[in-house]
Amino acid sequence: MSPAVTIVLIVVVLLVLAAIVLGVRAARRRKLQQTFGPEYDRVVADAGSRSDAEKELLERTKRHAQLELKPLSPESRAKYAAAWEEVQIRFVDDPKEAVETADELVTKLIAERGYPTGDYDERLANLSVEHAATLEHYRSAHDISRRSKDNEAGTEDQRQALVHYRALFADLLGEDPVGRTGTTSATRGPASPASPVSPAAPASPPATSPADSSAATSSPASRTPAQRSAPEDETTTDAPGRTVTDTEDTATDSGVARSRPDATSR
């Protein structure tokens, strides 16, 4: 084999190896971006180097794999959902205490899922592997909670803290605690635009039954002049001097009786 052929073969092998290495790095980068989402860009910005950031994220993945995480039982989910409802009710009278309780409740839930809770930064790193989508909510809530303890946060800030805590709380719980317990909108603030958990929609007005529509259209005030001049339909007399139309009845709305529009003449 001539030296020229040998050189060409070496170059080809090196190019193939380089392509393989680049392909592996690209695949690893895509996987990290899919796993960590916006947390990937944040770590890259903090590390100042993409390679250093990816090493950090790979280390987080390895540490996370060693954790003994466990799902919550239905009883535990119900317990935490009820506790969250109490936090939101307490917010009405004492926003500062409600924020502190929410922070404690979230930390307790993190521990019950199997995550270490000793250090805040360690908590963030461990949660980022499976809960990166709501990690920024946790950061914002924690920051407001710290300022609230120092009396540097207003009521609106404290309400936003509860919204942020609720996002992570629902992610860890596996369901929206408000939707589970049926808490009324009067005891909870609306979610911020960035929050993935939207508040319950306002209650729809009671549906009008066919009988309601019939009674409404049969009242004299709602008829056209031609209809008012027409004779009444099928009237009967149930007492001396009292005429009852066929549209007079009662309806029940949520267990409370409701009289029909007055279509009687005495």
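Residues numbered from 1 in each chain as written. Predicted model: local features only at pLDDT ≥ 70, side-chain atom pairs only at ≥ 80, totals over all residues. Heavy atoms only, no water.

J.: Please clarify how the environment of phenylalanine 91 should be interpreted in this entry.
T.: Along the chain, phenylalanine 91 turns up in helix α4 (residues 74–93). Here the alpha-carbon distance between phenylalanine 91 and alanine 102, two residues eleven residues apart in the chain, equals 10.0 Å. Those residues in contact with phenylalanine 91 that lie beyond four places of it in its chain are Ala98, Thr155, Gln158, Arg159 and Leu162. (Helix = DSSP H or I, 4+ residues; strand = E, 2+ residues; numbered from the N terminus. Contact = heavy atoms within 4.5 Å.)

J.: When you look at helix α3 (residues 50–65) in this model, what are you seeing that I'm missing?
T.: Note that an α-helix has 3.6 residues per turn; residues three or four places apart therefore point the same way. With 16 residues, α3 should reach 22 Å at 1.5 Å per residue; the first-to-last C-alpha distance of 23 Å fits that figure. For α3, the set of buried residues is Ala53, Glu54, Leu57, Arg60 and His64. Each buried residue of α3 sits inside an arc of 115° when the element is viewed along its axis, so together they form one side. Along α3, the residues that are exposed and aim more than 90 degrees away from the buried face are Lys55, Lys62 and Ala65. Elements that come into contact with the buried residues of α3 comprise α1 (3–36), α2 (38–47) and α6 (120–127). (Expected span 1.5 Å × (residues − 1). Buried < 20%, exposed > 50% of the residue type's maximum accessible area, 1.4 Å probe, protein only. Arc of directions from axis to C-beta.)

J.: Explanation requested: the pattern of salt bridges in the structure shown.
T.: Where charged atoms of side chains with opposite charge meet at close range, the side chains can pair. Here the structure, examined in full by the defined rule, presents 13 salt bridges. When the shortest N-O distance is used, the salt bridge between lysine 79 and glutamate 112 registers 3.9 Å. You can see lysine 79 sitting in helix α4 and its partner glutamate 112 sitting in helix α5 (residues 95–113), a full 33 residues away along the chain. The exposure class of lysine 79 is partly exposed, given its relative accessible area of 42%. For glutamate 97, the salt bridge is made with arginine 90, and the minimal N-O distance between the two is 3.5 Å. Residues joined by salt bridges that share partners form a network here, namely Glu39, Arg42, Glu56, Arg60, Arg63, Glu136 and Arg139. (Salt bridge = Lys/Arg side-chain N within 4 Å of Asp/Glu carboxyl O.)

J.: Whenever I open this one, a nonpolar patch on the surface confuses me. Can you help?
T.: A contiguous nonpolar surface patch, about 800 Å² in accessible area, is contributed by Val8, Ile10, Val12, Val13, Leu14, Val16, Leu17, Ile20 and Val24. Tracing the backbone through its elements, the reader meets valine 8 in helix α1. (Patch = residues over 30% accessible without salt bridge, like charges linked within 9 Å, V, L, I, M, F, W, Y side chains within 5 Å. Areas by Shrake-Rupley, 256 points an atom, 1.4 Å probe, with all protein chains shown as cover.)

J.: In this structure, what is going on with the nonpolar core? I would like to understand it.
T.: Taken as a class, soluble globular proteins show a tendency for nonpolar side chains to be buried jointly. Ranked by internal contacts, the top residues of the largest apolar core, which has 30 residues, are Trp84, Tyr138, Tyr165 and Phe169. Sorting the residues of this core by element identifies α4, α5, α6, α7 (135–149) and α8 (155–173) as the ones contributing at least two each. Excluding residues that lie within four positions of it along the chain, phenylalanine 169 makes contacts with Tyr80, Trp84, Leu105, Val106, Leu109 and Pro177. (Core = buried A, V, L, I, M, F, W, Y, C linked by side-chain atoms within 4.5 Å.)

J.: Sorry, what's going on with the packing of α7 against α8 here?
T.: How two helices sit against one another is set out by the angle between their axes and by the gap between those axes. Across the interface, α7 lies against α8 with an axial gap of 8 Å and an inter-helix angle of 145°. Viewed along their axes, α7 and α8 form a crossing whose handedness is left-handed. For the pair α7 and α8, contact is made by His137, Tyr138, Ser140, Ala141, His142, Ile144, Ser145, Arg147 and Ser148 and by Asp157, Gln158, Gln160, Ala161, His164, Tyr165, Ala167 and Leu168, respectively. Partitioning the contact of α7 with α8 into residue classes produces seven nonpolar, eight polar and two charged. (Axes fitted to C-alpha atoms, helices over the stretch in contact; angles between N-to-C directions. Left-handed = near helix turned anticlockwise from the far one by under 90°. Nonpolar A, V, L, I, M, F, W, Y, C, P; charged D, E, K, R; others polar.)

J.: What's the story with the side chain of arginine 123 in this structure? I'm lost.
T.: Here arginine 123 shows up in helix α6. Although arginine 123 is buried, it forms no salt bridge, and the closest oppositely charged side chain is aspartate 103 at an N-O distance of 5.4 Å. Residue contacts for arginine 123: discarding those within four places in its chain leaves Thr107, Ile110, Pro116, Thr117 and Tyr138. (Lys, Arg positive; Asp, Glu negative; His and termini not counted.)

J.: I tried to follow the confidence of the model for the protein on my own but got confused; where do I start?
T.: For residues with low pLDDT, the predicted coordinates do not support detailed interpretation. Counting all residues, the mean pLDDT for the protein is 73, and 67% of those residues have values of 70 or more. Overall, residues 181–266 carries pLDDT values under 50, and its contacts beyond four positions in sequence, including any with other chains, amount to 94 contacts. (pLDDT = per-residue confidence, 0-100.)

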